[in-house]
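Fold and contact review
What follows is the residue order along each chain.
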Amino acid sequence: MAQAQYGNFSAEILPRAAGAGWRRAHAAVLKRGEMPERDERGRAAGPAMVEYLERARGIVEQEARDAAEAHSPFAWMMYLRQLPTAFWAGKLATTAGYDAALADAVTGISRRRSPLRMSDGLTHYSPDGDVNRDVGRLCGMTLYLSQIHTWLRWAQKGVEFSFDAEGMAEARPTAEQRAAVELYDRRVAEAQGRRILRTGTAIGEQAEQAGGFTIPAVGRLQWKQDAPRPLFEANFILEFASLDGYARLNRTLAAQGLRWWSEEAPVMVAFLRLLLPLVTARVREHPKQILGRAFLLMDGEGVAAVPRETLEDAAEAARCVFPGAEIPATAAEIFRVVEGMKGMLWPPLAPAVRREGGVMCVDLHGATQLLQAAARFEPKGGVLGKERGGEFERSVQALIDGSACAPPPEVRALVGRDVYEDGRQVTDIDAIAVKGRTLVLISCKSREYSAAMNRGEAKEMEAVRKLASEALAKYEELKGLLETQPASFEGVDLSRFAMAAVVCLPFVPYLPLGRETEFASGTLRSVVSIDELDAWLRAGMD
């Protein structure tokens, strides 16, 4: 790998140390992890393999935690963000972002304190030989831990594993299993980064209009080897995301006396809103700092100097999004609450604030991820689930109505209508899009992207598959009915349209190959994420 792909680190020391970290992690697994029971072919699968990998995960997590004690969380951030995305590049476009985020999560747990190196108001953490070895070893262990995460996701799908002479596992999926996973990976890569919150409805979209409640949201750029080289190493993407739809949903719930959110969620909104003027100014003046390293350095004086109107605006935004929420009275108190919010390793979640003495490193990517975790909306039924579902349906149709695929008024009026056959209610119509001569009937399912789904847990994945399959079957029945009875609605003749049935979720679902992954209309699959629907709406005619 060329020197440029290691940034300021040694192209000789760093990769050698990373290899040593990988080997150390594997040796620890072999020493302390009991091998799973295998069949006559030497293969392991099912619960036995999952249990083995969970033990291995715990062992490597401890090795990585120990390695992270070499430096403070603050110093680790200064070092790790000097590594360009290319350093973490793997087979998938999403690998680099995942592995870098995992390294951030591992180092955020360190209890070490390091001397603060500052000159002319700037921090100086230039890697020497020892730092190269420390960073390389930590990165090697992180890569091994990430591999265990990948193996766990394979194992949860029932994939068999073999082991080589050195005890290294290797997934042995069937051709159908591999094809399903590869399709899922491609779809995730294509849709990644469009919406920052996965709460079960379409929130976190780009700001729709001036005056709405927006926050800075930072995501990792995908690694694309053939992409044009930028003027500087950009590792992150900055969006100004609207929370207006989220606020609308929560106001509806609050009016019914319902409150679901955690105490951290409104504070995180206030925190990011508080940073909005600073991030906006900094990305204009020093885009390399924000898009290259995605952190801000602040001290107590800087926090105390936050204008009162900025603090009041942040509190108002948080209370608008979360009606009745209690927001700390000062910027310093907001920072203290956020600083106390810890991350996790599975799935990766890094802290938003790292302190060294009186200086704080505000990780904008970590803060975005913490908000996403704090704002998860998990109910699967009842009044909360019904309201969330209704909001998602409105969001999907609003996306359609703002596109070239908006249905004509008389067809748009059918959204929300119940459809009957021989006195039996078949279903109601959640959303409708029209592209050319094709009318697309869309069933909207507001499932939350949970931590269990992120981990690929079999029970959660099966629940999503069943939800999508049943919804698709219901809408294909609706499609068949309207095709045979195009005058089902008085005054509306649908006979001029070809019809397609589609299920829309807030996220890209993993599904076995089958009817659900086939194309329903042109490039639009039968079960899609809202991001994939958005891309189809904005594309030309199929």
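Residues numbered from 1 in each chain as written. Predicted model: local features only at pLDDT ≥ 70, side-chain atom pairs only at ≥ 80, totals over all residues. Heavy atoms only, no water.

**Description of the overall build of the chain**
When helices and strands are tallied, the chain shows 18 helices and 19 strands. The C-alpha radius of gyration computed for the chain amounts to 25 Å, which stays within 12% of the reference 24 Å derived for 542 residues, consistent with globular compactness. By principal-axis analysis of the C-alpha atoms, the chain measures approximately 75 × 70 × 45 Å. Relative to its 542 residues, the chain shows a buried fraction of 54%. The contacts of the chain with a sequence gap of at least 6 include a subset with a gap of at least 24, amounting to 74%. When the accessible surface of the chain is split by element, carbon and sulfur atoms take 49% of a total near 23800 Å². Of the charged side chains in the chain, 67 are positive and 72 negative, and the gap between their average positions amounts to 3 Å. (Helix = DSSP H or I, 4+ residues; strand = E, 2+ residues; numbered from the N terminus. Rg over C-alpha atoms; globule rule 2.2 N^0.38 Å. Buried < 20%, exposed > 50% of the residue type's maximum accessible area, 1.4 Å probe, protein only. Contact = heavy atoms within 4.5 Å. Areas by Shrake-Rupley, 256 points an atom, 1.4 Å probe, with all protein chains shown as cover. Lys, Arg positive; Asp, Glu negative; His and termini not counted. Charge placed at Lys NZ, Arg CZ, Asp CG, Glu CD.)

**Section: the packing of helix α8 (residues 264–285) against helix α11 (residues 308–321)**
With their axes 8 Å apart at the nearest point, α8 and α11 run at an angle of 140 degrees to one another. Judged by the twist between their axes, the crossing of α8 over α11 is right-handed. When α8 is examined against α11, the residues Pro266, Val269, Ala270, Arg273, Leu274 and Pro277 are found in contact with a partner set consisting of Thr310, Leu311, Asp313, Ala314, Ala317 and Ala318. The residue makeup of the contact of α8 with α11, split by class, is 9 nonpolar, 1 polar and 2 charged. (Axes fitted to C-alpha atoms, helices over the stretch in contact; angles between N-to-C directions. Left-handed = near helix turned anticlockwise from the far one by under 90°. Nonpolar A, V, L, I, M, F, W, Y, C, P; charged D, E, K, R; others polar.)

**Here we look at the nonpolar core**
Counting 75 residues, the largest nonpolar core has Met49, Leu83, Val135 and Phe161 as its most contacted members. The leading source of residues in this core is helix α5 (residues 129–156), at 12 residues. When residues no more than four places from it in sequence are discounted, the contact partners of Val135 are Phe9, Leu14, Trp76, Tyr79, Leu80 and Leu83. Counting 53 residues, the second largest nonpolar core, distinct from the first, contains Ala294, Val362, Leu370 and Ala374. (Core = buried A, V, L, I, M, F, W, Y, C linked by side-chain atoms within 4.5 Å.)

**Focus on the state of the cysteines**
Inspection of every chain in the model, using the stated rule, returns 0 disulfides. The thiol of Cys361 is unpaired, and the distance to the nearest cysteine sulfur, on Cys139, comes to 16 Å. Owing to a relative accessible area of 0%, Cys361 belongs among the buried residues under this scheme. For the unlinked cysteine Cys504, the closest cysteine sulfur is that of Cys444, found at 5.6 Å. A relative accessible area of 0% means that Cys504 is categorised as buried. (Disulfide = S-S within 2.5 Å.)

**Section: the sheet that holds strand β11 (residues 359–363)**
The antiparallel open sheet is built from 3 strands, whose spatial order is β7-β11-β10. One side of each edge strand has no neighbouring strand; the edge strands of this open sheet are β7 (295–299) and β10 (353–356). Each neighbouring strand pair of the sheet contributes to a mean axis angle of 25 degrees, computed without reference to strand direction. Where β10 lies against β11, 4 bridges are found, and the strand directions are antiparallel. By the bridge assignment, Arg354 is partnered in β11 with Cys361. Sitting on the sheet, α8 is in contact with β7, β10 and β11, with an inclination near 105 degrees to β7. Relative to β10, helix α12 (residues 331–339) is tilted by about 105 degrees, and along the sheet it contacts β7, β10 and β11. (Pairing = 2+ DSSP bridges.)

**Some thoughts on the pattern of salt bridges**
Counted by the stated rule, this structure contains 31 salt bridges. Residues Arg57 and Glu61 are paired through a salt bridge, measuring 2.8 Å at the closest nitrogen-oxygen approach. Of this pair, Arg57 and Glu61 both sit in helix α2 (residues 46–68), 4 residues apart, which is roughly one turn of the helix. For Arg57, a relative accessible area of 17% corresponds to the buried category. (Salt bridge = Lys/Arg side-chain N within 4 Å of Asp/Glu carboxyl O.)

**Topic: the side chain of Asn454**
Tracing the backbone through its elements, the reader meets Asn454 in helix α16 (residues 451–454). Owing to a relative accessible area of 15%, Asn454 belongs among the buried residues under this scheme. Once residues lying within four places of it in the same chain are set aside, the contact partners of Asn454 are Arg153, Pro347 and Tyr449.

**Re the sheet that holds strand β16 (residues 498–505)**
Spatially, β14-β15-β16-β19 is the arrangement adopted by the 4 strands of the open sheet, whose pairing is mixed. Every other strand in the sheet has two partners, leaving β14 (431–435) and β19 (527–529) as the edge strands with one partner each. This sheet shows a mean twist of 35 degrees between the axes of neighbouring strands, independent of strand direction. In the sheet, strand β15 (residues 438–444) pairs with β16 via 7 bridges, with the strands oriented parallel.

**Here we look at the packing of aromatic side chains**
In this structure the tally under the stated criterion is 11 aromatic pairs. Aromatic side chains Trp261 and Phe322 sit 5.2 Å apart centroid to centroid with 65 degrees between the ring planes, which places their arrangement in the edge-to-face category. One end of the pair, Trp261, is in the loop between α7 (244–255) and α8; the other, Phe322, is in the loop between α11 and α12, and 61 residues separate them in sequence. The buried category is assigned to Trp261, whose relative accessible area is 6%. Taken together, the ring pairs connect Trp22, Tyr144 and Trp151 into an aromatic cluster. Its guanidinium or amino end placed over the ring of Tyr510, Lys157 lies 4.5 Å from that ring's centre, counting from NZ or CZ. (Phe/Tyr/Trp six-rings, centres within 6.5 Å; stacked < 30°, edge-to-face > 60°. Lys NZ or Arg CZ within 6 Å of the ring centre and 35° of its normal.)

**Looking at unusual backbone geometry**
With an omega dihedral of 0 degrees, the bond running from Trp346 to Pro347 counts as a cis peptide bond. Here Pro347 shows up in the loop between β8 (344–345) and β9 (348–349). Phi at Ala294 takes a positive value of approximately 60 degrees, unusual for a residue other than glycine. Here Ala294 lies in the loop between α9 (287–293) and β7.

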